[in-house]
Amino acid sequence: METRQNSRDFLRHVLLAVGSLMMFFPFLWTVLSSLKDISQIFVVPPQWIPDPFVWSNYPASLEAMPFVQAYMNSFYITVIIVTATLISASMAAYAFAKIRFPGSNVLFILFLATMMVPKQVTMIPLYLVMDRIGWLDTHWSLIVPGALFNAFAVFLLRQFVMGIPRDLEEAAVMDGAGYIRIYWSVILPLIRPALAAIGIFTFLGAWNSFLDPLIYLNTPEKFTVPLLLNNFKGLYTADWSLMMAGTTISVVPVLLVYMIAQKQIIEGITLTGIKG
Amino acid sequence: MQKKHQALWGYLFISPQFLGLLCFSLLPLLYAFYLSFVNWDGFGVPLFVGLDNFRGQLSDPDFWKALFNTMYYMVLVIPAGIVLALLVAIVLNKVKGKEIYRLFFFMPVVTSSVSVGVIWMWILNGEFGILNHLLRAIGITGPMWLTDTQWVIPSIALLSIWLGLGYNMVIFLAGLQGISKSYYEAAEIDGASKLQQLRYITLPLLSPTTFFVTIMMVISSFQVFDQAFVMTNGGPAKASYTLVYHIYDQAFIDFTMGESAAAAMILFAIILVFTLLQFKMQKRWVHYGD
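Residues numbered from 1 in each chain as written. Chains lettered and ligands numbered in written order. Predicted model: local features only at pLDDT ≥ 70, side-chain atom pairs only at ≥ 80, totals over all residues. Heavy atoms only, no water.

Describing the overall build of chain A
Just so we agree on the cut-off: Put simply, DSSP H or I for four residues or longer makes a helix, DSSP E for two residues or longer makes a strand, and each gets a number counted from the N terminus. We take the radius of gyration over the C-alpha atoms and set the globule estimate at 2.2 Å times the residue count to the 0.38 power. Whether a residue is buried, partly exposed or exposed follows from its accessible area with a 1.4 Å probe, protein chains only, as a fraction of its type maximum: under 20%, in between, or over 50%, in that order. Any two residues whose heavy atoms approach within 4.5 Å are treated as being in contact. In short, Shrake-Rupley with a 1.4 Å probe defines the accessible areas, and a residue's cover is counted only from the protein chains shown. Counted charges follow a simple rule, with Lys and Arg positive, Asp and Glu negative, and His plus the chain ends left uncounted. In plain terms, the charge of a residue is placed at NZ if it is Lys, CZ if Arg, CG if Asp and CD if Glu.
Helix and strand content of chain A: 14 helices and 0 strands. In summary, chain A has a C-alpha radius of gyration of 24 Å against a globular reference of 19 Å for 276 residues, an excess of more than 25%. Counting only C-alpha atoms and orienting by the principal axes, one finds that chain A spans roughly 75 × 70 × 35 Å. Across the 276 residues of chain A, 53% fall into the buried class. Taking the contacts inside chain A whose residues are at least 6 apart along the sequence as the reference set, 72% of them involve residues at least 24 apart. Just so you have it, chain A exposes about 12800 Å², and 68% of that area is on carbon and sulfur atoms. If you average the places of the 16 positive and of the 15 negative side-chain charges in chain A, the two averages end up 11 Å apart.

Written out as structure tokens, the structure is:
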């Protein structure tokens, strides 16, 4: 019985190790390819370890495309969207869960209904509107809709605010607190796990977004990381080692952040995924 | 708290998100609805054409091509994606050190679709890609993945399964952890084999999670675009041209806004029908515990 359990565990570990390798291998192969000379790239059979290590692919990619600028763009756009979403969505969630006002049910159903609308439906009208108000090729076109509209966040946070017992608010009211004080000092601290989850979700969505920047932005200096990488790919399709260096630049920082915060990220996704 | 001020505060608190909802979802949705009935290049005067755009879509071979490709992609991605994620979750659930494995499986989820698209272009390269080298080592001649009309959708599907595996696995893992151990203990006493336990305990109790994962996968599969755009530009010979690609092309390449809006409306309707159908069919296979 004991040995059967052990061999079963061993088999599990073998399967999972092979699976993990298959998940990780594409990244590893990218980094290895990025350190090869173009002549080593096309060797048959493939050369696993670069010889010599061609570090110059990195300065070359950074020179060919404004990657640093793209990181700064992606970073500040994402931070504003996440911060504004957390504030505006939790405010709405608090109102829908705890404040009685005429029409609140109908308005909440509107929020739920819009979760069913695919982005592609509103993509064309939004583009035309952005054009009309002069936001094309500016970061406003990415920031403002991202910051002010997230029905999923409103819905999820409302679920959490609903779970806060009335007594806590009543105690705050006894102490003379108004709505803003209750929201800020009672509600927000209590829904912190949900805020973290929504924050991560929003961060990943905004950072990795491709279709919106593709439609709205034209100037390479304004590009976000995914858009810049796509442009880079268009220009260097033949030079695989340079392309892999550019791809590594786009992907490694994200993976490093992920490794540091993976526990929170995965728990956050679990929390939002299940409730959504 | 004064009652009369209550409503005012309520409106105040929802106003930023409500303004967003109005400006970035409701009004654009109405606008899209209107656009689907006009002929417009985005510059001149829109001309009302009734249902012509919808008729135009239904008689456009590109639309059918895109619909077919999207459906083909779904058929490959959804069953394989669910079964694999479920298997990994079940194997992972009882293992020591699961955090390490979880770390690897989830890795692709955090990376952008463009980055993984470029990575897989290199791996799937017919001549120099590592996948065909590995296949050759075991005596198989791999196809020209991304440049062969037969293989391009399976290639994109392969990438998508790899990409989404970790996400779905984590959702399944959460579902598995919600199943009480006492069920398995009782089954053990009754002499049920591991396979029977899987069949009669795990799968039924996990069905709400499976339902959730299926719904999310159907919705996201209908919207497949990034990978096809980055890796193949919809080619070769439109073999990886998807519905969203079609919408994008018509609006931003051909500037036929009305036709594009009509295609988007049809996509919306299809997603709606599929989602409602899934909710209807869930009675047959989804078991919610007490």
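Read on for the rest.
What about the interface of chain A and chain B?
By a frequent convention, interface size equals the accessible area lost on bringing the separate parts together. Spelled out, the test is: Buried surface area refers to the total accessible area, computed with a probe of radius 1.4 Å, that the two partners give up upon joining, counted for both partners together. Here, a salt bridge means any side-chain nitrogen of Lys or Arg that lies within 4 Å of a carboxyl oxygen of Asp or Glu. For the purposes of these results, a polar contact is taken to be a pair of N or O atoms within 3.5 Å, where, inside protein, one atom must be able to donate a hydrogen and its partner to accept one; residues adjacent in sequence count only when each atom of the pair is a side-chain atom. Under this grouping Gly is polar, as are all residues other than the nonpolar Ala, Val, Leu, Ile, Met, Phe, Trp, Tyr, Cys and Pro and the charged Asp, Glu, Lys and Arg.
Counting residues at the interface gives 93 residues for chain A, matched by 86 residues for chain B. Each partner contributes to the roughly 8600 Å² buried at the junction of chain A and chain B, and carbon and sulfur atoms together form 80% of this total. Among the residues chain A hides against chain B, the three largest losses belong to A:L16, A:M23 and A:Y179. Together they make up 9% of the total. Linking chain A to chain B there are 0 salt bridges. Put simply, chain A and chain B have 12 residue pairs in polar contact (both at pLDDT 80 or more) between them. Tallying contributions element by element places helix α14 (residues 240-275) of chain A first for the side of chain A that touches chain B, with 18 residues. For the side of chain A that touches chain B, the class distribution of residues is 70 nonpolar, 18 polar and 5 charged.

Quick word on empty space enclosed by the protein
Rule in force here: In this analysis the probe radius is 1.4 Å and the grid spacing 1 Å, with only protein atoms considered; a cavity is a set of points the probe fits into but cannot get out of, a pocket is an open set with protein on both sides within 12 Å along at least five of seven lines, and lining residues have an atom within 4 Å of a point. Grid points are joined across faces, edges and corners, and a volume is the space filled by probe spheres set on the points.
Tallied over the entire structure, the rule returns 2 cavities of 30 Å³ or more. Approximately 60 Å³ is the volume found for the largest cavity. Lining the largest cavity are A:W29, A:S33, A:K36, A:Q40, A:I41, A:V43, A:P46, A:Q47, B:W122, B:F128 and B:H133. Estimates place the volume of the second largest cavity at around 50 Å³. For the second largest cavity, the full set of lining residues is A:W207, A:N208, A:V225, A:P226, A:S250, A:V251, A:V254, B:T111, B:S112 and B:S115. At the level of secondary structure, the elements contributing two or more residues to the lining of the second largest cavity comprise α11 (192-208), α13 (225-235) and α14 of chain A. Considering every element that reaches the lining of the second largest cavity, the biggest residue donor is α14(A), with 3 residues.

Some thoughts on unusual backbone geometry
In this structure, the amide linkage connecting A:D51 to the following residue, A:P52, adopts the cis form with an omega of 0 degrees. On the secondary structure map, A:P52 appears in the loop between α2 (38-41) and α3 (57-64). Of the consecutive residues B:G235 and B:P236, the connecting peptide bond is found in the cis state with omega at -5 degrees. The backbone of B:N233 shows a phi angle near 55 degrees, a positive value even though the residue is not glycine.

Quick look at the layout of surface pockets
Estimated volume of the second largest pocket: approximately 840 Å³. Around the second largest pocket, the lining is made up of 24 residues, and of these A:R12, B:I90, B:K94, B:Y184 and B:K194 lie nearest the centre. Elements represented by at least two residues in the lining of the second largest pocket include exactly α1 (2-34) of chain A together with α3 (61-93), α7 (152-177), α8 (181-189) and α9 (194-222) of chain B.

Description of the pattern of salt bridges
What the rule picks out here adds up to 8 salt bridges over all chains. In this structure, A:K222 engages A:D137 in a salt bridge whose closest nitrogen and oxygen atoms are separated by 3.7 Å. Taken together, the residues A:K222 in the loop between α12 (211-216) and α13 and A:D137 in the loop between α6 (119-132) and α7 (140-148) connect sequence positions 85 residues apart. Classification of A:K222 as partly exposed rests on a relative accessible area of 30%. Taking the relative accessible area as the measure of exposure, A:D137 reaches 14% and is therefore buried. Across the pair B:R55 and B:D52 runs a salt bridge, and its minimum N-O distance is 2.9 Å. Of this pair, B:R55 and B:D52 both sit in helix α2 (residues 52-58), 3 residues apart, which is roughly one turn of the helix. With a relative accessible area of 41%, B:D52 lands in the partly exposed category.

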